[in-house]
Amino acid sequence: MEYLIHILVMMCLYVILSTSFNLVVGSAGLFALSHAAFYAIGAYASAILIIDVGLPFPLPLLIGALFTAAIGAVAALPALRIGGHYLVIVTLALQVIVLAFLINAQAITRGPAGISGIPRVELFGLALDSPQRFLPLAAFFAAFCFWIAWRLTESPFGRALRAMREDEEATKAIGKNVVYMKLSAFALSAGLASVAGALLGRYVSFISVESFTIEETIYVLAMVILGGTGNLWGSALGAVILVSLPELLKFVEMPAEIADKVRQILYGILLIVMLRLRPEGLIAEVSRAAQRLAPVPAGEVPVPAIAAATPAGEITVSGRGLSKHFGGIRAVEDFDIDLTAGTITGLIGPNGAGKTTAFNLITGFLPPTAGTISFRGRSVAGRKPHEIVRAGVARSFQDLKLFTKMTVLDNVLVALPRQSGDGVLSVFFRPFRVRAEETANIARAVEVLRFVGLEDKAGETADNLSYAEEKLLVIARLLATEAEVLLFDEPLSGLAPTTLEEIFPVFRRLAAAGKTICIIEHNLDVIKRLCDTAIYLDEGRALRKGTPEELMNDPELAGRYFS
Amino acid sequence: MDLLLQLAINGIANGSHYALLAIGFGLIFATTGIVHFAYGPLYALSAYFVWMSVAWLGLPFVAALVAGVAASTVVGMLAYLWLHRPFERNQSPAFVVMIVSLGLFIVVENGIGIVFGTDTKVLEEVTYGIHFVGDAVISELQIAQVVALVLIGAALALFLKLTNYGKAVRAMTDNPDMAAVIGIDTVRISVLVFAIGSAIAAIPAVLVLIKDGATPAMGFSAVFVAFVAVIVGGLGSIRGAILGGLLLGMVENLGMWKIPTEWQSSIAFVVLFLVLLLRPNGLFKGQ
């Protein structure tokens with residue numbers, strides 16, 4: 001009986017480890033190999049703070065969690081800024097150096113012998129010195145850590161994480177700081193893992209590096225993959241299964257050392273087989289039901305949330321001498337552009353003329369080789385894409401980059417600016433404010449959807465939309481950023497003429513409301529009917545500027561492009 | 001001064017060992033984009049294969065060496081075709097392929113432990129001499145490590161520069177999509193680099209078997225150091241992998257002049273961290 005309760009305690013610890021690891025692997029879509037290291041830091045920090053400093057419960061656990069989160073953040077930051085595979089190698093290296101430290105810094109960690117004699121937790125005069133007595137504490141912390149992880153994934157921050165996992169570029173383009181998001185998820189995950197470590201030490205009263213090898217990370221990873229990366233319940237289920245499974249192996253006669261290796265091999269095979277046959281795990285990600293929507297008053301929909309600071313007719317964005325070279329290729333060369341508030345500017349030219357590159361330069365997605373860009377007279381050189389979006393210049397993508405697994409409403413909601421719920425601290429320390437904002441934001445998002453005529457589809461998943469509806473959603477998401485300058489990359493390509501007639505007024509009303517609009521477009525009819533002015537780009541240079549009529553009547557351009 | 005000379009000799013020899021590991025791992029990583037964690041245990045497996053051929057089957061060492069390289073090549077190709085390729089075909093995200101490789105890592109490492117036990121396996125049949133340079137010692141095995149690096153590095157560089165397959169590998173390293181567009185069979189090239197990378201790994205495996213013996217855990221440190229060397233040197237160039245490996249070996253050994261031995265393995269981390277902070281594209285790339 002006592003042994004069964006011991007297994008329950010271990011399940012609680014592994015629920016903490018697996019759900020916190022899922023925050024990184026599942027929610028943030030990052031792959032790290034340092035979870036066992038954070039588990040170890042939590043265990044050692046807590047044990048040392050109890051024995052050598054004499055702090056009372058639960059201070060060692062809490063300080064250990066903060067300390068571990070800080071180490072995780074400092075170690076991961078350089079890698080997260082670069083992106084790609086760097087986090088894997090850095091976390092692998094962190095795992096190696098943490099174990100080396102625990103073994104070698106004997107004065108602090110007692111070296112390979114480990115720390116023994118960690119005192120039991122005493123609560124209300126009762127020493128928690130048996131599995132029965134420890135189980136309620138373990139269960140409490142498992143529930144608490146699960147609640148923290150769950151709260152985070154259900155918050156606006158969690159929504160932004162899901163968006164980032166689907167498309168990182170698009171998430172930058174709606175004004176999110178993806179490095180901050182990854183860093184917060186990573187640090188929080190490290191802090192939660194350390195709680196499991198602190199509990200382990202208090203439970204078995206002995207810790208050594210043996211418990212925190214890379215194999216431990218793979219064990220927890222197997223739980224996450226088995227349960228499914230898409231939700232936290234899956235990770236908890238994975239932990240329950242993989243803690244109990246090895247117990248069954250004990251009925252097979254074999255030496256302990258071999259049994260341990262067989263166990264490891266089973267985890268390895270489990271990882272491969274699950275990913276091959278059921279990559280979504282035992283519990284697949286549930287698609288989130290649409291929130292209850294506030295009724296929108298009937299009648300003409302106002303242009304949503306315009307805060308145009310620039311009077312119509314004045315220049316908002318100005319680029320001078322912009323160049324972008326890729327090796328020997330000059331994608332954009334000595335390009336000048338002025339965009340004016342209240343007007344629609346068309347960017348035309350053959351494929352490969354540098355139109356999209358020009359957008360990338362203006363919005364900070366690519367640094368220019370030469371030249372300057374200013375917005376409202378201030379230089380935006382060297383600013384990150386999300387900073388430029390927040391300042392008021394946003395762009396869409398030719399290949400849409402919608403968050404296709406999210407609802408139409410969420411696609412718009414996630415793009416709204418100034419959400420307190422985008423910050424991890426606010427999610428936990430200002431829950432009422434976050435909730436109140438969320439209610440207001442949903443109303444705003446519905447307003448935006450209504451403006452483009454998509455409010456009926458609010459609850460649909462974005463990949464169920466028709467092509468024309470997808471194009472509308474792109475417009476809605478861009479509008480939701482509340483940016484003053486909107487750069488549309490081929491917003492109307494591939495649409496039927498009747499659909500175009502329905503979308504034209506959207507652009508006109510935005511311009512009339514004072515927005516600065518620039519669109520890349522190949523269809524000359526669209527340019528003629530929609531744009532006030534146009535720029536003809538070829539081989540990275542602006543060949544002509546003028547009204548659409550002037551460009552089309554230009555004999556040289558007529559020969560080159562309009563024939 | 002003699003200590004410093006000795007440390008430098010050890011550094012160059014260990015660095016050559018790391019560089020060889022990094023060439024194989026880096027070739028696979030840069031060309032296919034796969035972080036091949038199982039590279040480590042498969043490297044260990046080839047050491048065990050050679051040990052088994054000599055100690056159990058009684059093969060002459062040279063025959064065992066050839067068999068070891070051949071076995072490593074085949075196993076590497078199978079790892080790609082049976083394990084990685086199906087996931088590539090499903091267009092699984094990169095981190096799924098990484099987890100799968102980690103799965104293979106732990107299966108092979110523990111499989112070795114079950115079959116051969118966890119004690120250190122040494123090849124007593126193979127002996128080598130030592131020479132003195134002043135008061136410093138240089139062993140023939142250390143010379144063999146350096147010579148192996150020079151020969152393999154040169155051969156691979158010539159292969160990549162001169163042959164059609166080599167040019168295809170370089171094209172795929174530059175841009176896999178573009179390589180596919182211009183008619184390169186990227187699956188065939190992936191199989192090829194897994195074969196070459198795994199064949200190369202067998203050489204340092206055998207040399208280290210003779211020098212220190214084989215243990216099941218040797219794979220982890222091998223793939224770790226190869227990964228670090230590739231990142232430090234700059235992904236996608238042989239020169240970077242070689243220089244990254246040599247640098248790690250030198251820093252680790254020269255560092256022992258002032259730093260206690262037990263911290264040796266942590267030096268790699270510090271080097272990696274500094275490079276990521278200061279020169280994220282690697283030290284020896286893009287000049």
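Thresholds, definitions, all that
- Residues numbered from 1 in each chain as written.
- Chains lettered and ligands numbered in written order.
- Predicted model: local features only at pLDDT ≥ 70, side-chain atom pairs only at ≥ 80, totals over all residues.
- Helix = DSSP H or I, 4+ residues; strand = E, 2+ residues; numbered from the N terminus.
- Buried ≥ 20, exposed ≤ 12 C-beta atoms within 10 Å, placed from the backbone.
- Contact = placed C-beta atoms within 7 Å.
- Nonpolar A, V, L, I, M, F, W, Y, C, P; charged D, E, K, R; others polar.
- Axes fitted to C-alpha atoms, helices over the stretch in contact; angles between N-to-C directions.
- Parallel < 35°, antiparallel > 145°, perpendicular 65-115°, else oblique.
- Domains from an automatic or database assignment.
- Left-handed = near helix turned anticlockwise from the far one by under 90°.
- Pairing = 2+ DSSP bridges.

Peer 1: Teacher, can you tell me more about the overall build of chain A here?
Peer 2: What chain A contains, in helices and strands, is 22 helices and 14 strands. Taken along its principal axes, the extent of the C-alpha atoms in chain A is 90 × 55 × 45 Å. Counting every position in chain A, which comprises 563 residues, the buried fraction comes to 50%. Once local pairs closer than 6 in sequence are excluded, the contacts in chain A between residues at least 24 apart make up 76%.

Peer 1: Would you explain the interface of chain A and chain B in this entry?
Peer 2: It is common to give the size of an interface as the accessible area that goes away when the parts come together. Counting residues at the interface gives 32 residues for chain A and 31 residues for chain B. The element that contributes the greatest number of residues to the side of chain A that touches chain B is helix α12 (residues 256-277) of chain A, accounting for eleven residues. Residues belonging to the side of chain A that touches chain B are distributed by class as follows: 25 nonpolar, four polar and three charged.

Peer 1: In this structure, what is going on with the environment of isoleucine 520 of chain A? I would like to understand it.
Peer 2: By the element assignment, isoleucine 520 of chain A lies in strand β12 (residues 516-520). Other than its neighbours up to four places away in sequence, isoleucine 520 of chain A contacts Leu347, Lys355, Thr356, Phe488, Asp489 and Glu490 of chain A.

Peer 1: It is not clear to me how the packing of helix α6 (residues 131-153) of chain A against helix α9 (residues 178-204) of chain A should be interpreted in this structure. Could you clarify?
Peer 2: Residues and elements named next belong to chain A. Packing of α6 against α9 leaves a shortest axis separation of 11 Å and a crossing angle of 180 degrees. Overall, the two elements α6 and α9 adopt an arrangement that is roughly antiparallel. Two secondary-structure elements touch here, α6 through Phe134, Ala138, Phe141, Cys145, Ile148, Ala149 and Leu152 and α9 through Leu188, Leu192, Val195, Leu199 and Tyr203. Grouping the amino acids of the contact of α6 with α9 by side-chain chemistry returns twelve nonpolar, no polar and no charged.

Peer 1: Can you help me understand unusual backbone geometry in this one?
Peer 2: For residues other than glycine, phi is negative in most cases, and the peptide bonds are mostly trans. Here the bond from phenylalanine 57 of chain A into proline 58 of chain A is cis, since omega is 0 degrees, no more than 30 degrees from zero. Relative to the helices and strands, proline 58 of chain A is located in the loop between α2 (35-53) and α3 (59-82). For arginine 376 of chain A, which is not glycine, the phi dihedral falls at a positive 50 degrees. Its place among the elements puts arginine 376 of chain A in the loop between β8 (370-375) and β9 (378-379). Judged by the 18 C-beta atoms lying within 10 Å of it, arginine 376 of chain A falls in the partly exposed class. Here glutamine 91 of chain B, not a glycine, exhibits a phi torsion of approximately 55 degrees, which is positive.

Peer 1: Whenever I open this one, the domain arrangement of chain A confuses me. Can you help?
Peer 2: All names here are of chain A. Looking at the assigned domains, one finds that chain A contains domain 1 (2-212), domain 2 (305-392 + 482-563) and domain 3 (408-481). Summarising the inter-unit geometry, the C-alpha centres of domain 2 and domain 3 are found 26 Å apart. Counting residues at the interface gives eleven residues for domain 2 and eleven residues for domain 3. Of all the elements in the fold, those that place two or more residues in the side of domain 2 that touches domain 3 are α14 (385-391) and α19 (497-512). Here the side of domain 2 that touches domain 3 is built from residues that sort into seven nonpolar, two polar and two charged.

Peer 1: So what exactly am I meant to see when it comes to the packing of helix α1 (residues 2-32) of chain B against helix α10 (residues 238-255) of chain B here?
Peer 2: Helix packing for two helices is described by the angle between their axes and how far apart those axes are. Residue and element names in this part refer to chain B. With their axes 6 Å apart at the nearest point, α1 and α10 run at an angle of 145 degrees to one another. Here α1 runs over α10; the crossing is right-handed. When the residues that make up the contact of α1 with α10 are grouped by side-chain class, the tally is 15 nonpolar, ten polar and one charged.

Peer 1: Which parts of the structure should I look at to understand the sheet that holds β9 of chain A?
Peer 2: Within a sheet, each strand pairs with its neighbour through backbone hydrogen bonds, oriented either parallel or antiparallel. All names here are of chain A. The four strands are arranged β6-β5-β8-β9 in an open sheet whose pairing can be described as antiparallel. Either end of the sheet is taken by a strand with one partner, and the two such strands are β6 (329-340) and β9. Bridge count for β8 against β9 is two bridges, and the pairing is antiparallel. Paired with phenylalanine 375 across the strands is arginine 378, a residue of β9. Its contacts with the sheet put helix α13 (residues 355-362) on β5 (315-326), β6 and β8, and the angle it makes with β6 is roughly 65 degrees.

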